[in-house]
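A structural walkthrough
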Amino acid sequence: MLLTEQEKMREEIRSLAEEYGKDHGSLIPILRAIQKKYYYISSVAMQEIANLLGIHPIEVYSVVTFYSFLSEEPQGKYIFRLCETISCDMLGKDQIARQLENDLGITFGETSDDGMFTLLYTSCLGMCDQGPAMMVNDCIYTKVTAEKVSEIIADCRKACCCCETTAKEVQ
Ligand code: FES
């Protein structure tokens, strides 16, 4: 018998609960794993997680809506988060923002129709002396130039954008 997408996801959540444990401390790791695979946390997933961990669905919902790395709305496979705090602003954040919007064909807060890219602003990434700074999924890019934005996007399309290191200076 073929499993529906929802059944597959439920099965995956059950297996994650076995792996991480069916207690409160497993909530964030399970949510992160589901976010990574499905690019969002559906209401069905929240209910299933709440049932398995023995907590109220509202608590799961509160965590999903509190943390910026989790989303209740479908997001792109690659999430671009451009720092909009003052140092990066002074170092040319606006030019990078326009280039991103132009190359991706979406504005900030949107996800591309093909489900590949989501464009968001974020606050300080702790790289203030190396701005403009942005994150693509878990990978930080510093000293980003407009010219390099296209290169980063092309790398994403080739599925090789996220480096193993935590910081990547674009030159
Ligand atoms: S102001 Fe952009 S990284 Fe701190």
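**A word on the environment of S43**
Among the secondary structure elements, S43 is positioned in helix α3 (residues 43–53). A C-alpha to C-alpha distance of 13 Å links S43 and V63, two positions 20 residues apart in sequence.

**A short note on the domain arrangement of the protein chain**
Domain annotation for the protein chain reports domain 1 (5–66) and domain 2 (78–169). Computed from C-alpha atoms alone, the centre-to-centre distance between domain 1 and domain 2 is 28 Å.

**Here we look at the pairing of strand β4 (residues 139–142)**
Bridge count between strand β3 (residues 134–136) and β4: three bridges; the pairing is antiparallel. By the bridge assignment for β4, M134 is matched with Y141. Following β3, the chain reverses through two residues before pairing antiparallel with β4; N137 in that reversal takes a positive phi of roughly 55°.

**Regarding the nonpolar core**
Generally speaking, nonpolar side chains in soluble globular proteins are found buried as a group. Ranked by internal contacts, the top residues of the largest apolar core, which has 24 residues, are F80, L82, L100, A133, M134, V136 and Y141. Looking at this core, the element that brings in the most residues is strand β1 (residues 78–83), giving five residues. Ignoring any residue separated from it by four or fewer positions in sequence, one finds M134 in contact with F80, R81, L82, C83, Y141 and V144. Among the nonpolar cores identified, the runner-up in size contains twelve residues, and I13, I49, L53 and V60 belong to it.

**A short note on unusual backbone geometry**
With omega at -5°, the peptide bond leading from G131 into P132 counts as cis. Tracing the chain through its elements places P132 in the loop between β2 (117–122) and β3. Backbone geometry at Y39 places phi at a positive 70°, although glycine is not the residue there. By C-beta crowding, Y39 is classed as partly exposed, having 18 other C-beta atoms within 10 Å. Its identity is not glycine, yet K143 carries a phi of approximately 50°, on the positive side. Counting through the fold element by element, K143 comes out in the loop between β4 and α7 (146–157). Classification of K143 by C-beta neighbours within 10 Å gives partly exposed; the count is 17.

Cut-offs used in this document
- Residues numbered from 1 in each chain as written.
- Predicted model: local features only at pLDDT ≥ 70, side-chain atom pairs only at ≥ 80, totals over all residues.
- Helix = DSSP H or I, 4+ residues; strand = E, 2+ residues; numbered from the N terminus.
- Domains from an automatic or database assignment.
- Pairing = 2+ DSSP bridges.
- Core = buried A, V, L, I, M, F, W, Y, C linked by C-beta atoms within 7 Å.
- Buried ≥ 20, exposed ≤ 12 C-beta atoms within 10 Å, placed from the backbone.
- Contact = placed C-beta atoms within 7 Å.

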